[in-house]
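Each chain, written out:
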Amino acid sequence: GAEYIDSYVFNQIEQIRFNSTVGKYVGYTELGLKNAETWNKGSELVRELGELERFCKHNADIHYSAVLDKT
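Thresholds, definitions, all that
Residues numbered from 1 in each chain as written. Predicted model: local features only at pLDDT ≥ 70, side-chain atom pairs only at ≥ 80, totals over all residues. Heavy atoms only, no water. Helix = DSSP H or I, 4+ residues; strand = E, 2+ residues; numbered from the N terminus. Buried < 20%, exposed > 50% of the residue type's maximum accessible area, 1.4 Å probe, protein only. Contact = heavy atoms within 4.5 Å. Arc of directions from axis to C-beta. Polar contact = N/O pair within 3.5 Å; in protein donor to acceptor, adjacent residues only side chain to side chain.

**Student:** Looking at this structure, I do not really get the overall build of the protein. What am I missing?
**Tutor:** Secondary structure summary: the protein contains 2 helices and 3 strands in total. Written out in order from the N terminus, the α and β elements of the protein read β-β-β-α-α. Buried residues in the protein amount to 25% of all 71 residues. Counting contacts in the protein only where the partners sit at least 6 residues apart, residues at least 24 apart contribute 17% of the total.

Written out as structure tokens, the structure reads:
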């Protein structure tokens, strides 16, 4: 299956990442860990899951159909 990743980078260091396989934000720095904890409890996670449904799953279905049509 497909995996959706949304990374937040500051000064060329990845601070925090949403990973659809994990289903939540994961922090990689002290600040990222704090933000991940907050974002996983709030509207940010709801928005990210909405993006996953709206964009990724819709487009995955389209691309999967296109691949099947060619086989």
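**Student:** Please clarify how helix α1 (residues 30-39) should be interpreted in this entry.
**Tutor:** Because each turn of an α-helix spans 3.6 residues, side chains separated by three or four positions in sequence point in the same direction. Within α1, burial applies to Gly32, Ala36 and Trp39. The buried side chains of α1 occupy one side of the element, clustering within an arc of 70 degrees when seen end-on. Facing away from the buried side of α1 by over 90 degrees, the exposed positions are Glu30, Leu31, Leu33 and Glu37.

**Student:** Got a minute to help me understand the environment of Tyr4 in this structure?
**Tutor:** Its location among the elements puts Tyr4 in the segment before β1 (5-10). Under the relative-accessibility criterion, Tyr4 is labelled buried at 17%. When the C-alpha positions of Tyr4 and Phe18 are compared, they lie 7.9 Å apart, and in sequence the two are 14 residues distant. Here Glu48 takes part through its side chain, which lies 2.9 Å from a polar atom of the side chain of Tyr4.

**Student:** Would you take a moment to explain the side chain of Asn19 for this structure?
**Tutor:** Within the fold, Asn19 resides in strand β2 (residues 13-19). What makes Asn19 buried here is its relative accessible area of 11%. A polar atom in the side chain of Asn19 sits 3.3 Å from the side chain of Glu3. Aside from chain neighbours lying at most four places away, what touches Asn19 is Glu3, Tyr4, Ile5 and Lys24.

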